[in-house]
Amino acid sequence: MKKLLLVGIPVLTVLIMFGVACHFVCNTDTATRWYVQVDNARVQPPGEDSDEYEYSLDAYDENGNRHDVKFKTTRELRNDAYLELKTMPFRGVISWAEVQPDEMPEPARKALAA
């Protein structure tokens, strides 16, 4: 019985930790949404050690609060396009999609227009 506890508890602990980690990585329902307007004057082109463009833009949430956001893409994005970025803690930007201004929350749209 003691052997079962000595082996079973650590194995169970590892399985629970693995499950929590998988949930954190796979579950994107809690992603925070930020809205940006692409400015290709603020992009770092690919360097010798990378084939990705790195954007550093001002982002706004649904309440119009500002945040600096950095993300990488494999291609240069359309200048002046509006994007919705989904971000997660520790992971950063997990996805982006082009949106029309009328698809953004009004406070974010107003902040980007200013």
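Residues numbered from 1 in each chain as written. Predicted model: local features only at pLDDT ≥ 70, side-chain atom pairs only at ≥ 80, totals over all residues. Heavy atoms only, no water.

Draft legend 1. Representation of the overall build of the protein chain in the model. Within the protein chain, the regular secondary structure consists of two helices and six strands. Its helices and strands in sequence order give the protein chain the pattern α-β-β-β-β-β-β-α, from N to C terminus. Counting every position in the protein chain, which comprises 114 residues, the buried fraction comes to 26%. The contacts of the protein chain with a sequence gap of at least 6 include a subset with a gap of at least 24, amounting to 44%. (Helix = DSSP H or I, 4+ residues; strand = E, 2+ residues; numbered from the N terminus. Buried < 20%, exposed > 50% of the residue type's maximum accessible area, 1.4 Å probe, protein only. Contact = heavy atoms within 4.5 Å.)

Draft legend 2. Broad picture of helix 2 (residues 106-113). Along helix 2, the positions that sit buried rather than exposed are A108, A111 and L112. Seen end-on, helix 2 carries its buried residues on one side only, within an arc spanning 95°. More than 90 degrees from the buried face of helix 2, the exposed residues found are K110 and A113. Residues of helix 2 that are buried make contact with strand 1 (32-37), strand 3 (53-60) and strand 5 (82-88). (Arc of directions from axis to C-beta.)

Draft legend 3. Layout of the nonpolar core. Counting residues in each nonpolar core, the largest one holds 14 residues, and the members touching the most others are V36, V38, Y55, F71, L77, L83 and L85. Taken together, the elements giving at least two residues each to this core come down to strand 1, strand 3, strand 4 (66-73) and strand 5. Counting residues per element, this core draws most heavily on strand 3, at four residues. Beyond its immediate sequence surroundings of up to four residues, Y55 is in contact with V38, D39, N40, R42, V43, V69, K70, F71, T73, R75, E76 and L77. (Core = buried A, V, L, I, M, F, W, Y, C linked by side-chain atoms within 4.5 Å.)

Draft legend 4. Highlighting the pairing of strand 6 (residues 92-99). Where strand 5 meets strand 6, seven bridges bridge the pair, whose relative direction is antiparallel. Bridged to T87 within strand 6 is V93. The hairpin turn running from strand 5 into strand 6, its antiparallel successor, is three residues long, and F90 in that turn takes a positive phi close to 70°. (Pairing = 2+ DSSP bridges.)

Draft legend 5. Structural context of the pattern of salt bridges. Following the criterion strictly, the structure yields six salt bridges and no others. Residue R66 is joined to D58 by a salt bridge in which the shortest nitrogen-to-oxygen separation is 3.1 Å. On the basis of relative accessibility, which here comes to 47%, the residue R66 falls in the partly exposed class. Taken together, the shared-partner salt bridges connect R42, D58, R66 and D68 into one network. (Salt bridge = Lys/Arg side-chain N within 4 Å of Asp/Glu carboxyl O.)

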